[in-house]
Amino acid sequence: MAAARSNNDPIDLSVLDRKEYELLFHQYYQWLCLQACKITEDWHASEDIVQDFFIKCWQNRASLHIKQSFAAFALVSVRNAALNYLKKESIRSKHETASSATFPGDETLLPVAQPDETDQLYLQIITAVNNLPEQRKKAFILSRQHNMKYAEVAAELGISVNTVKMHLRLAYQELRNLLKLLLPLFYFFLKK
Amino acid sequence: MQKESQNIDWDKLIDLLEKPVDEQQVLAGALSTEEQALFARLQQVKNDQLLTGALQLDAAKAWVHIMEKEDRAAPVRRIAINWKKWVAAASLLFIAGTAWWLYTRFSINGAINNLQTVEKAMANHEPASKVQLVTAGGQTIVLDTATQLREKDGTLIHLQQGTVAYENSEHAKGDASLINTLIVPRGYLYNLVLSDGSKVWLNADSKISYPVRFDKAERKVTIEGEAYFEVVHNDKWPFVVHAGNTATKVLGTSFNIKTYGKKVYTTLVTGSVLFTPPGNAKAVKLTPDHQTVFNVGNGNTETRKVFAGDFIAWKDDDLVMTKMTLAELAEMLERRYDVQISFAEEKLKNIEYNGALHLTNSIAEMLKNFEQTSNIQFAVKDKTIVILPANGK
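Residues numbered from 1 in each chain as written. Chains lettered and ligands numbered in written order. Predicted model: local features only at pLDDT ≥ 70, side-chain atom pairs only at ≥ 80, totals over all residues. Heavy atoms only, no water.

Visitor: Any details on the overall build of chain A? Residues and values, ideally.
Guide: Looking only at helices and strands, chain A features 8 helices and 0 strands. Along chain A, from the amino end to the carboxyl end, the secondary structure elements read α-α-α-α-α-α-α-α. Sequence-distant contacts in chain A: of pairs separated by 6 or more residues, those separated by 24 or more amount to 66%. Accessible area for chain A stands at about 10200 Å²; split by element, carbon and sulfur atoms hold 54% of it. (Helix = DSSP H or I, 4+ residues; strand = E, 2+ residues; numbered from the N terminus. Contact = heavy atoms within 4.5 Å. Areas by Shrake-Rupley, 256 points an atom, 1.4 Å probe, with all protein chains shown as cover.)

See the structure below:
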């Protein structure tokens, strides 16, 4: 699977050209936003955080010495940035107890760690979905968005409902092996 | 993989996935166990809000967005590139400058390999000359052994370690025709006890001339260099110190007179003195902790308030530095230890020092102290101490 390609190898950003960096960006952007959103619960803020991270990485690529995989490095950086964002937000709106409840105090710097199984699964699913043929990917994403009916997805994409169903079946079949891994992790969540 | 798909009605699962969640729960009961397990996973992926949210993000658009941000930051990048050039240019300048500095530094005093460490070169450093006493008869006596001698008029002179003392003759005032001169060269401090009991501390590179017995009318001495006086009080017997055409008249007091260079500094510690510049200039009456500075060049006299103690610390071999420049310090050390000091760079002369320290007899030790507490270092070239900027500071 494409996602597994360089997950655990240390990366030297200074040798990448812009095109290669773009590939790296596409590979990790959504996943890192997801990680940030876990903390910030705000997609816009999460996108800003991740974009900033990629800009800074690019600007400082010559001096960055990343000893772990890019995924691990990026995950820690983005999480820390997200926590800092929360810190600023909680200062900005002191009334919001919800965000300060998730706020882990002043010690916002998380230790460097490899992404855990759940993080890795998310990355693999995102990568798998992005590797789907364009129409199939669109059908898959639209069907999830706002719980759109298949007829609505079909109208949106200008294809028949049966074609939408076919795309979804093939998409889920593609993810099947990943989904098997998902089950033990989310089983409790499903039972309730 | 194939085995599983054969037993699974995917179309049914996809249809079911479209239904509202509560309906799914009911209808899922009709599925096989295998189908139920798979459906649970599909449901879960579909209902994972984080995953749904993430998949909706437009990475391509985001990439364009950050490239725009990057371009807006482009001037910074251009500066960054220029910065590298500047570093390279600066490095070259630095190397050239260092080369030039090394060249000038060592061409001042000769070849580089003639530099010695202060510890080695100054370990057994001795002043070149010894303290001398010139008697009334013109005889020069080197004061290196404790002994005693008699002047023509029978006055006993005790020559001790570091002190010349005249037999107390306060009540036996005689004629002041017999003049003795004590010459204290660079590298020594010396004490003198005059025949009236007054004490004089003589700094290095100083000279004092005085009568073996003072005149009835006044006690008159002449000094060059620097001396601190503790004069025995006598209202009717003024004590007058002549220094570089100036006269300081005292009755009984302690004060310091410094005449190195082109200025005469008279500093009063206790009592009172009348400082009289040459010519028709007005005399200045000093009170304690005040100082007159007479400019030999233009004949002007300034009076200022000082901490008198700072100006007499030298007599105890203490050094008090108040905004003392390295040039002044070097001049003082030259006198105190009879050494030659030169500067590798002119700008080093302006380094200022504040603080106090005790001067020991070892110049090497003193210089080591200064090296440790400032950005300078010392080396010795042809018996001259050279002050250099410290390495890597």
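Visitor: Let's hear about the interface of chain B and chain A: which residues, and what values?
Guide: In this complex, chain B contributes 41 residues to the contact, which on the side of chain A involves 45 residues. Surface buried jointly by chain B and chain A totals about 4300 Å² across both partners, of which 66% is contributed by carbon and sulfur atoms. Sorting the residues of chain B by area buried against chain A places Leu55, Leu57 and Trp63 of chain B first, and these three jointly supply 16% of that buried surface. Seen at the junction of chain B and chain A, the total is 2 salt bridges. With its nearest N and O atoms 2.7 Å apart, the salt bridge here joins Asp15 of chain B to Lys165 of chain A. Here chain B and chain A share 11 residue pairs in polar contact (both at pLDDT 80 or more) between them. When its residues are assigned to classes, the side of chain B that touches chain A shows 22 nonpolar, 8 polar and 11 charged. (Buried area = accessible area lost by both parts, 1.4 Å probe. Salt bridge = Lys/Arg side-chain N within 4 Å of Asp/Glu carboxyl O. Polar contact = N/O pair within 3.5 Å; in protein donor to acceptor, adjacent residues only side chain to side chain. Nonpolar A, V, L, I, M, F, W, Y, C, P; charged D, E, K, R; others polar.)

Visitor: Account for the packing of helix α1 (residues 18-40) of chain A against helix α5 (residues 117-130) of chain A, naming residues and giving values.
Guide: Each packed pair of helices is defined by two parameters, the angle between the axes and the distance between the axes. Residues and elements named next belong to chain A. Running from N to C, α1 and α5 point in directions that differ by 140°, and their axes come no closer than 9 Å. Classified by the angle between their axes, α1 and α5 sit oblique to one another. Crossing hand, α1 versus α5: right-handed. For the pair α1 and α5, contact is made by Gln27, Tyr28, Gln30, Trp31, Leu34, Gln35 and Lys38 and by Asp119, Tyr122, Leu123, Ile126 and Asn130, respectively. Considering only residue class, the contact of α1 with α5 consists of 6 nonpolar, 4 polar and 2 charged. (Axes fitted to C-alpha atoms, helices over the stretch in contact; angles between N-to-C directions. Parallel < 35°, antiparallel > 145°, perpendicular 65-115°, else oblique. Left-handed = near helix turned anticlockwise from the far one by under 90°.)

Visitor: Please provide a residue-by-residue account of the environment of Phe311 of chain B, values included.
Guide: Residues and elements named next belong to chain B. Locating Phe311 in the fold gives a position in helix α9 (residues 308-312). Residues Phe311 and Tyr265 lie 46 residues apart in sequence; the distance between their C-alpha atoms is 9.5 Å. Excluding residues that lie within four positions of it along the chain, Phe311 makes contacts with Glu226, Asn256, Thr267, Gln291, Arg304 and Val306.

Visitor: Give me the lowdown on the confidence of the model for chain A, citing residues and values where you can.
Guide: All names here are of chain A. Per-residue pLDDT for chain A has a mean of 76; in total, 76% of the residues score no lower than 70. Mean pLDDT across the elements of chain A bottoms out in helix α4 (residues 97-101) (41) and peaks in helix α2 (residues 43-59) (91). Below a pLDDT of 50 lies the segment residues 1-6, which in the model reaches 12 contacts outside its immediate sequence neighbourhood of four places, other chains included. This stretch, residues 95-109, has a pLDDT under 50; its non-local contacts, to residues over four places away or in other chains, come to 15 contacts. (pLDDT = per-residue confidence, 0-100.)

Visitor: For the nonpolar core, give the residues involved together with the corresponding values.
Guide: Of all hydrophobic cores here, the largest spans 75 residues; its most connected members are Phe54, Phe70 and Phe140 of chain A. The leading source of residues in this core is α1 of chain A, at 11 residues. When neighbours within four sequence positions are excluded, Phe140 of chain A is seen to be in contact with Val129, Leu168, Ala171, Tyr172 and Leu175 of chain A together with Val45 and Leu55 of chain B. Counting 40 residues, the second largest nonpolar core, distinct from the first, contains Ile223, Ala227, Val273 and Phe275 of chain B. (Core = buried A, V, L, I, M, F, W, Y, C linked by side-chain atoms within 4.5 Å. Buried < 20%, exposed > 50% of the residue type's maximum accessible area, 1.4 Å probe, protein only.)

Visitor: So, the packing of aromatic side chains: which residues are in play, and what are the values?
Guide: One pass over the full model with this rule turns up 22 aromatic pairs over all chains. Consider the rings of Phe53 of chain A and Phe54 of chain A, whose centres lie 5.3 Å apart with planes at 70°: the pair is edge-to-face. The pair Phe53 of chain A / Phe54 of chain A is uniform in exposure class, with both members buried. Linked through ring pairs, Tyr21, Phe25, Tyr28, Tyr29, Trp31, Phe53, Phe54, Trp58, Phe70 and Phe73 of chain A together with Trp63 of chain B together constitute an aromatic cluster. Between Lys315 of chain B and the ring centre of Trp201 of chain B, over which it is positioned, the NZ or CZ distance is 4.8 Å. (Phe/Tyr/Trp six-rings, centres within 6.5 Å; stacked < 30°, edge-to-face > 60°. Lys NZ or Arg CZ within 6 Å of the ring centre and 35° of its normal.)

Visitor: Summarise the layout of surface pockets; cite the residues concerned and give the values.
Guide: Residues and elements named next belong to chain B. The computed volume of the largest pocket comes to approximately 1000 Å³. For the largest pocket, the lining is made up of 39 residues, of which Lys258, Tyr265, Phe311, Met324 and Glu328 are closest to its centre. Of all elements in the fold, only β15 (263-270), β18 (290-295), β19 (301-305), α9, β20 (318-325) and α10 (326-337) reach the threshold of two or more residues within the lining of the largest pocket. Class assignment of the residues belonging to the lining of the largest pocket gives a composition of 16 nonpolar, 8 polar and 15 charged. Domain assignment of the residues forming the lining of the largest pocket places at least three in each of domain 2 (115-124 + 317-389) and domain 3 (145-313). Lining the second largest pocket are 28 residues, and of these Gln161, Gly187, Tyr188, Leu189 and Asn361 sit closest to its centre. Sorting the residues of the lining of the second largest pocket by element identifies β4 (156-160), β7 (190-193), β8 (199-202) and α10 as the ones contributing at least two each. Tallied by class, residues from the lining of the second largest pocket come to 13 nonpolar, 9 polar and 6 charged. (1 Å grid on protein atoms, 1.4 Å probe; cavity = no way out; pocket = protein on both sides within 12 Å on 5 of 7 lines; lining within 4 Å. Points joined across faces, edges and corners; volume = space filled by probe spheres on them. Domains from an automatic or database assignment.)

Visitor: Tell me about the sheet that holds strand β1 (residues 132-134) of chain B, and please be specific about residues and values.
Guide: Residue and element names in this part refer to chain B. Judged by pairing direction, the sheet is mixed, and its 9 strands sit side by side in the order β2-β1-β6-β9-β10-β12-β13-β16-β17 without closing on themselves. Both outer strands of the open sheet, β2 (140-142) and β17 (284-286), are each paired with one neighbouring strand and no more. Going from strand to strand, the sheet's axes swing by 20° on average, the running direction of each strand aside. Sheet analysis places strand β10 (residues 219-224) next to strand β12 (residues 239-243), joined by 5 bridges and oriented parallel. (Pairing = 2+ DSSP bridges.)

Visitor: I'd like to hear about the pattern of salt bridges, residue by residue, with values.
Guide: When the charged atoms of two side chains lie near each other, side chains of opposite charge can form a pair. Counted under the stated rule, the structure contains 15 salt bridges over all chains. One salt bridge connects Arg79 of chain A with Asp119 of chain A, and the closest N-O pair in it is separated by 3.1 Å. Remark: Asp119 of chain A occurs in helix α5 and Arg79 of chain A occurs in helix α3 (residues 70-92); sequence separation between them is 40 residues. Judged by relative accessible area, which is 1%, Asp119 of chain A ranks as buried. The partner of Arg169 of chain A in a salt bridge is Asp11 of chain B, and the shortest N-O contact between them spans 3.2 Å. Linking Arg169 of chain A in helix α8 (residues 161-191) with Asp11 of chain B in helix α2 (residues 10-18), this pair reaches from one chain into another. By relative accessible area, which is 41% here, Asp11 of chain B ends up partly exposed. A single network of salt bridges, built from pairs that share partners, joins Lys38, Arg79 and Asp119 of chain A.

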